[in-house]
Amino acid sequence: MTVQEELFETLAQVARALGSGPRLAILVRLAQAEASVEKIAETVGLTIANTSQHLQQLRRSGLVTANRAGKQMIYRMTDERIISLMEMMRNIAESNIAEMERLVSQLFSYDDAGGELLPVTITELRDGLDKAEVTLIDVRPTDEYVSGHLPGALNVQLDELESLLDTLPKDKEIVAYCRGPYCALSHKAVEVLLKQGYKVRRFKDGYPEWKAAGLPISKTVDSVTADL
């Protein structure tokens, strides 16, 4: 095998690691925050043993690394450019694979026959936040929110949403976001709030894409929120 062939084979190793739905789901989870294998398995709906196998392949391909914390191994994504790579994969698939349109449309279980609920783009969201015209809610689990979130976002769990309706304004647009464009949490939040008469849309992307774009984020440390 020539050096050039070896180089292409090494690149192919990365491609093979990405060529798995479960492994892509694991990377999406790690794009939110580092996590133990148990937490990752819980999020992506796999057994711990299966999750561990996928993580080992991701480690061999240089996409994931791990450090020991006590008795646990804590995994994290090695490079935030992986988020941009997955975004590029998504854009290519949505542009060239007809099946993607059908699958993406199934994420919207609420009625939008008029097509009025186009998702909010990064540019629109930045403008709305700058003008204080938007209330932003982060519907991810609390541990992910604490590790990093969009500035000013309120962390609202789906199972708490209806009990917190009185705290949300009806005179401003609410924008819900979660782990990324295919995350069902923001879609469900939009559905709940629409039924209650709120003006609401979802952010087209999610926390990882916002961060990968170099936009400011906040982290919650000992109940104090710090902007980065």
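Just above, that's the structure.
Residues numbered from 1 in each chain as written. Predicted model: local features only at pLDDT ≥ 70, side-chain atom pairs only at ≥ 80, totals over all residues. Heavy atoms only, no water.

This paragraph deals with the nonpolar core. Core analysis: the biggest nonpolar cluster contains 19 residues, and Leu27, Leu30, Leu55, Tyr75 and Met77 have the highest contact counts within it. At the level of secondary structure, the elements contributing two or more residues to this core comprise α1 (3–18), α2 (21–32), α3 (37–44), α4 (48–60), β2 (64–69), β3 (72–77) and α5 (81–96). Among the elements that line this core, the one with the most residues is α2, at four residues. Of all hydrophobic cores here, the second largest spans 15 residues; its members include Val156, Leu168, Val190 and Tyr198. (Core = buried A, V, L, I, M, F, W, Y, C linked by side-chain atoms within 4.5 Å. Buried < 20%, exposed > 50% of the residue type's maximum accessible area, 1.4 Å probe, protein only. Helix = DSSP H or I, 4+ residues; strand = E, 2+ residues; numbered from the N terminus.)

Bridge analysis of β2 against β3 gives six bridges, and the strand direction is antiparallel. Its bridge partner being in β3, valine 64 is matched across the sheet by methionine 77. In textbook terms, the turn of a hairpin is the stretch between consecutive antiparallel strands, and for β2 and β3 this stretch comprises two residues, one of which, glycine 70, has a positive phi near 70°. (Pairing = 2+ DSSP bridges.)

Summarising the sheet, strand β1 (residues 35–36) and β3 pair through two bridges and their orientation is antiparallel. Residue pairing in the sheet places alanine 35 in a bridge with tyrosine 75 of β3.

With that settled, the discussion passes to helix α10 (residues 184–195). Residues spaced three or four apart along an α-helix face the same direction, because each turn holds 3.6 residues. With twelve residues, α10 should cover 16 Å at 1.5 Å per step; its first-to-last C-alpha distance of 17 Å lies within 8% of that length. Burial in α10 covers these residues: Ser186, His187, Ala189, Val190, Glu191 and Leu193. Buried residues along α10 sit against β4 (134–138), α9 (158–161), β6 (173–177) and β7 (200–202). Immediately downstream of α10, the backbone of glycine 197 shows phi near 85°, a positive value. (Expected span 1.5 Å × (residues − 1). Contact = heavy atoms within 4.5 Å.)

The next subject is the packing of α2 against α3. For any two helices packed against each other, one specifies the inter-axial angle together with the distance between the axes. Packing of α2 against α3 leaves a shortest axis separation of 10 Å and a crossing angle of 115°. As for the relative orientation of α2 and α3, their crossing is right-handed in sense. Contact residues: Ala25, Ile26, Arg29 and Leu30 in α2; Lys39, Ile40, Thr43 and Val44 in α3. In terms of residue class, the contact of α2 with α3 is built from five nonpolar, one polar and two charged. (Axes fitted to C-alpha atoms, helices over the stretch in contact; angles between N-to-C directions. Left-handed = near helix turned anticlockwise from the far one by under 90°. Nonpolar A, V, L, I, M, F, W, Y, C, P; charged D, E, K, R; others polar.)

Below, the discussion takes up the sheet that holds β1. As summarised here, the arrangement of the three strands in space is β1-β3-β2, forming an open sheet in which the pairing is antiparallel. The open sheet is flanked by β1 and β2, the only strands paired with a single partner.

Within the chain, alanine 132 stands out as a residue other than glycine whose phi angle is a positive 55°. Structurally, the position occupied by alanine 132 is in the loop between α7 (122–130) and β4.

Right, let's get into the state of the cysteines. Counted under the stated rule, the structure contains one disulfide. The disulfide partner of cysteine 178 is cysteine 183, and the S-S distance across this bridge is 2.5 Å. Between cysteine 178 and cysteine 183 the disulfide shows an S-S torsion of about -140°. By sign, it is left-handed. Of the two residues, cysteine 178 and cysteine 183, both sit in the buried class. (Disulfide = S-S within 2.5 Å.)

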